[in-house]
Amino acid sequence: MPKIGVFAQGYYGYPGLNMFEDMMRHRWSLNGVIGARLTWNIGALYTRKNDKAKLHLQREMTESNREVFLFNNRLEQIQQQEEISRYRKLMAEDEEIISLRSAVRKAAESKLAHGIIDVNDLLREINQENAARVQQSMHEIEMLKNIYDNKFTTNN
């Protein structure tokens, strides 16, 4: 857009605005200039097309970054869901292992009562049953961690 301005300038001195006449007569005079000024920066007309192209490219880059983010987010959600289902399967298998270890421990207790095995063998079976329970607890904690990570990823 063009800009319009008004200005005024004045001074008292030698030579004045009419330099030749003032220099010939050697006189000091009061001088002044008043005017209007119109300025218009037409350089913006040349760069407008490039500026629009830059904005368009930035908009496209932002949109592609958004799409990449959404794709990566969906991919991460799928991976987390797979991890959760894997841990659920592991916990079901752990439950089966614990029930089998418990049956083995009961059989070992019965064998100890009849004198077939000693206390060390019974303790080994009890420790294996407890290790299976600890393994199940670890799998449960990992599954809960993945569930919370998934909630954080999906912002739910």
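Refer to the structure presented above.
What comes next is a walk through the structure. Remember, predicted model here, so these are calculated numbers, not experimental data. (Residues numbered from 1 in each chain as written. Predicted model: local features only at pLDDT ≥ 70, side-chain atom pairs only at ≥ 80, totals over all residues. Heavy atoms only, no water.)

## Examining the overall build of the protein
Note the following rule: Numbered from the N terminus, helices here are DSSP runs of H or I no shorter than four residues, and strands are runs of E no shorter than two. The contact criterion used throughout is that any non-hydrogen atoms of two residues lie within 4.5 Å. Surface exposure here means Shrake-Rupley accessible area, sampled with a 1.4 Å probe, where a residue is shielded only by the protein chains that are shown.
What the protein contains, in helices and strands, is three helices and two strands. The contacts in the protein between residues at least 6 apart in sequence include a share of 60% that link residues at least 24 apart. Accessible surface, the protein: about 13000 Å² in total, of which carbon and sulfur atoms supply 59%.

## Let's talk about the packing of aromatic side chains
Quick reminder of the rule: Stacked, tilted and edge-to-face are the three classes assigned to paired rings of Phe, Tyr and Trp, where Trp is represented by its six-membered ring and a pair needs centres within 6.5 Å; plane angles under 30 degrees give stacked, over 60 edge-to-face, the rest tilted. Charges are assigned to positions over rings by a cutoff of 6 Å between ring centre and Lys NZ or Arg CZ, combined with an angular limit of 35 degrees from the ring normal.
With the rule as written, the count across this model stands at zero aromatic pairs. Taking NZ or CZ as reference, Arg-86 lies 4.7 Å from the ring centre of Tyr-87, over its face.

## Looking at helix α3 (residues 119-154)
Note the following rule: Take the number of residues in a helix, subtract one, and multiply by 1.5 Å to get its expected span. Relative accessibility decides the category of a residue: with a 1.4 Å probe and only protein chains considered, values under 20% of the type maximum give buried, values over 50% give exposed, and everything between is partly exposed.
With 36 residues, α3 ought to run about 52 Å at 1.5 Å a step, and its terminal C-alpha atoms sit 52 Å apart, in line with that. By the burial criterion, the buried members of α3 are Leu-122, Glu-125, Glu-129, Ala-132, Gln-136, His-139, Met-143, Asn-146, Asn-150 and Thr-153. Structurally, α3 contributes buried residues whose contacts are with α2 (43-114). Note on α3: the residue one or two positions beyond its end, Asn-155, has a positive phi of about 60°.

## Some details on the environment of Gly-32
Tracing the backbone shows Gly-32 in strand β2 (residues 29-39). Its relative accessible area of 47% is what places Gly-32 among the partly exposed residues. Sequence separation between Gly-32 and Lys-106 is 74 residues, and the spatial gap between their C-alpha atoms is 117 Å.

What is shown is where atoms sit, not what they do.
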